[in-house]
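Below, each chain spelled out in residue letters.
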Amino acid sequence: MRKPVIAGNWKMYKTVGESVATALALKPLVANANHCEVVIAPVFTALKSVADRLDGSNIRVSAQNCAAEQKEGAFTGEVAASMVRDAGCSHVIVGHSERRQYYFDTDEIVSRKTQAGLAAGLTVIVCVGETLEQRDQGSAESVARNQLAGGLSGLTASDLDRIIVAYEPVWAIGTGRTATPEQAQEMHAFIRRVFAERHSASAANAIRVLYGGSVKPDNIAGLMKQPDIDGALVGGASLKAESFAEIVNYK
Ligand code: PEP
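Residues numbered from 1 in each chain as written. Predicted model: local features only at pLDDT ≥ 70, side-chain atom pairs only at ≥ 80, totals over all residues. Heavy atoms only, no water.

Q: How do you make sense of the sheet that holds strand β3 (residues 59–63) when you look at a structure like this?
A: Across a sheet, strands are paired by hydrogen bonds formed along the backbone, either parallel or antiparallel in direction. Taken in spatial order, the 8 strands line up as β1-β2-β3-β4-β5-β6-β7-β8 and close into a barrel, and their pairing is parallel. Geometrically, the sheet is characterised by an average inter-axis angle of 25° between neighbouring strands, direction not taken into account. Bridge analysis of strand β2 (residues 37–41) against β3 gives 3 bridges, and the strand direction is parallel. Counterpart to Val-39 in the pairing with β3 is Arg-60. Together, β2 and β3 form the strand contacts of helix α2 (residues 47–54), whose direction differs from that of β3 by roughly 170°. (Pairing = 2+ DSSP bridges. Helix = DSSP H or I, 4+ residues; strand = E, 2+ residues; numbered from the N terminus. Axes fitted to C-alpha atoms, helices over the stretch in contact; angles between N-to-C directions. Contact = heavy atoms within 4.5 Å.)

Below you can see the structure in the form of structure tokens.
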């Protein structure tokens, strides 16, 4: 049985004070959410303060990115996965389409960041998804297949316990245009088949695949009814504690 995950990606929003205030507002609203794992991903500067204030709660804290390098060193502006862990995080997001698009995170970099996250003891949320142009060309599946092959190369069966995939069609991120539950289900089932081919049927059955792209309180229930959708990665609608809590408490 796959436990759903509802994760909020706060992107580059909120000061430390605002992040702590949102996290504290969220805490009682999701305190009874035993049906899923709840994760929030504030900006780097707020991670430690938020993680400290959520200690002992059912909300886990994630970074939105980490360095590809595993050891500390002369890498100006980077934050190592081990430092993310040291700040109190349990998760890290890698390969978000905004990182791929604006900061040129290639599949090779995503793979190195995935390895760095795993080596630091983090659970890694690996994002994949096609652009509108790629979907219109009929290559949505091959894009996801290639991103999974490149970003998750060299992983062992035991590594997969700490991998979560987020299928995020780029055309649905921040656009208000959500994939229909059927479109998302089709891609999630495909992603699971890729894990069956690359690893095993049991790995495919166990891997959690989240949907991301304009998830809101009014569309989460329809998405969660699909057999291969194991939760959501939520951007805009996670910024307010109330709307994110509504998504978490979708049942
Ligand atoms: C995201 O940032 O991962 C995302 C899915 O954003 P939004 O929910 O705003 O589309």
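Read on for the rest.
Q: Can you walk me through the side chain of Thr-114 in this structure?
A: Relative to the assigned elements, Thr-114 resides in helix α5 (residues 107–119). Residues in contact with Thr-114, not counting those within four places in the same chain, are Val-94, Val-124, Val-126, Gly-151, Leu-152, Leu-155 and Ile-163.

Q: It is not clear to me how the site of the ligand should be interpreted in this structure. Could you clarify?
A: Taken together, 14 residues sit near the ligand, with Lys-11, Glu-168, Gly-174, Ser-214 and Gly-235 positioned nearest. In the model, an oxygen atom of the ligand is placed 2.8 Å from a nitrogen or oxygen of the Lys-11 side chain. Residue Gly-236 places a main-chain N or O atom 2.8 Å away from an oxygen atom belonging to the ligand. Its residues assigned to classes, the shell around the ligand comprises 4 nonpolar, 8 polar and 2 charged. (Near = heavy atom within 4 Å. Polar contact = N/O pair within 3.5 Å; in protein donor to acceptor, adjacent residues only side chain to side chain. Nonpolar A, V, L, I, M, F, W, Y, C, P; charged D, E, K, R; others polar.)

Interpretation in functional terms is not warranted from these geometric data alone.
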